[in-house]
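# Structural description and commentary
Read off the chains here:
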Amino acid sequence: MSLITLRGQTTRRVFVHTLFGLVGISATAGSLSLATRASASETCDLPVIRCPEEECGYLYDPAFGVPEQDIPPGIAFEDLPDDWECPECGTAKLYW
């Protein structure tokens, strides 16, 4: 689980749990809206890619991007920088 502050027009806190696929976005102070990974991914036709490290289990989901690495939503896995690494275990994109 992680709590992330996104930069943009407004600051939002995001709760992400990759094992259970839950995402919560705080739209206003004190409120939390929950969605499943599946419902958020309905707006994005790009495939979700799983980290090849068995112990890791991280899912790169283009519908969410990787806010902690400044990767915005809507970026296909193949369009990530060549030096991109898994935010959980550090596995290089080359090995995905």
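Residues numbered from 1 in each chain as written. Predicted model: local features only at pLDDT ≥ 70, side-chain atom pairs only at ≥ 80, totals over all residues. Heavy atoms only, no water.

## Regarding the overall build of the protein chain
- Helix and strand counts for the protein chain come out as 1 helix and 6 strands.
- Starting at the N terminus, the α and β elements of the protein chain follow one another as β-β-β-β-α-β-β.
- Every one of the 96 residues in the protein chain was classed for burial, and the buried ones make up 31%.
- Considering only contacts within the protein chain whose residues lie at least 6 apart along the sequence, 25% involve residues at least 24 apart.
- Carbon and sulfur atoms make up 53% of the accessible area of the protein chain, which amounts to about 6400 Å² in all. (Helix = DSSP H or I, 4+ residues; strand = E, 2+ residues; numbered from the N terminus. Buried < 20%, exposed > 50% of the residue type's maximum accessible area, 1.4 Å probe, protein only. Contact = heavy atoms within 4.5 Å. Areas by Shrake-Rupley, 256 points an atom, 1.4 Å probe, with all protein chains shown as cover.)

## Notes on the nonpolar core
- Formed by C51, Y58, Y60, V66, I71, F77, L80, W84 and C86, the largest nonpolar core amounts to 9 residues.
- Not counting the four nearest positions on each side in its chain, C86 is found in contact with C51, C56, Y58, Q69, T91 and W96. (Core = buried A, V, L, I, M, F, W, Y, C linked by side-chain atoms within 4.5 Å.)

## Regarding the packing of aromatic side chains
- Counting across every chain of the model gives 5 aromatic pairs.
- Geometrically, the ring pair formed by F77 and W84 is edge-to-face, given 5.8 Å between the ring centres and 85° between the ring planes. The pair F77 / W84 is uniform in exposure class, with both members buried.
- Against the face of F77 rests K93, its NZ or CZ located 5.8 Å from the ring centre. (Phe/Tyr/Trp six-rings, centres within 6.5 Å; stacked < 30°, edge-to-face > 60°. Lys NZ or Arg CZ within 6 Å of the ring centre and 35° of its normal.)

## Some remarks on the environment of E78
- Assignment of secondary structure puts E78 in the segment after β6 (59-60).
- Overall, the relative accessible area of 59% leaves E78 in the exposed class.
- In sequence terms E78 and K93 are 15 residues apart; their C-alpha atoms lie 9.0 Å from each other.

## Focus on the confidence of the model for the protein chain
- Averaged over the protein chain, the pLDDT score is 73; the fraction of residues at 70 or greater is 55%.
- Here strand β1 (residues 2-6) stands out as the least confident element of the protein chain, with mean pLDDT 41; β6 is the most confident, with 96.
- Segment residues 1-13 is flagged for pLDDT under 50; beyond a separation of four residues in sequence, or across chains, it makes 26 contacts in the model. (pLDDT = per-residue confidence, 0-100.)

## So, unusual backbone geometry
- Of note in this structure, D70 is not a glycine but carries a positive phi near 60°.
- Assignment of secondary structure puts D70 in the segment after β6.
- Looking at D70, the relative accessible area reads 51%, which means it is exposed.

## Brief notes about the environment of L80
- Considering the arrangement of structural elements, one finds L80 in the segment after β6.
- Along the backbone, L80 and K93 are 13 residues apart, and their C-alpha atoms lie at a distance of 8.3 Å.
- Residues within four places of L80 in sequence aside, it is in contact with Y60, I71, I75 and K93.

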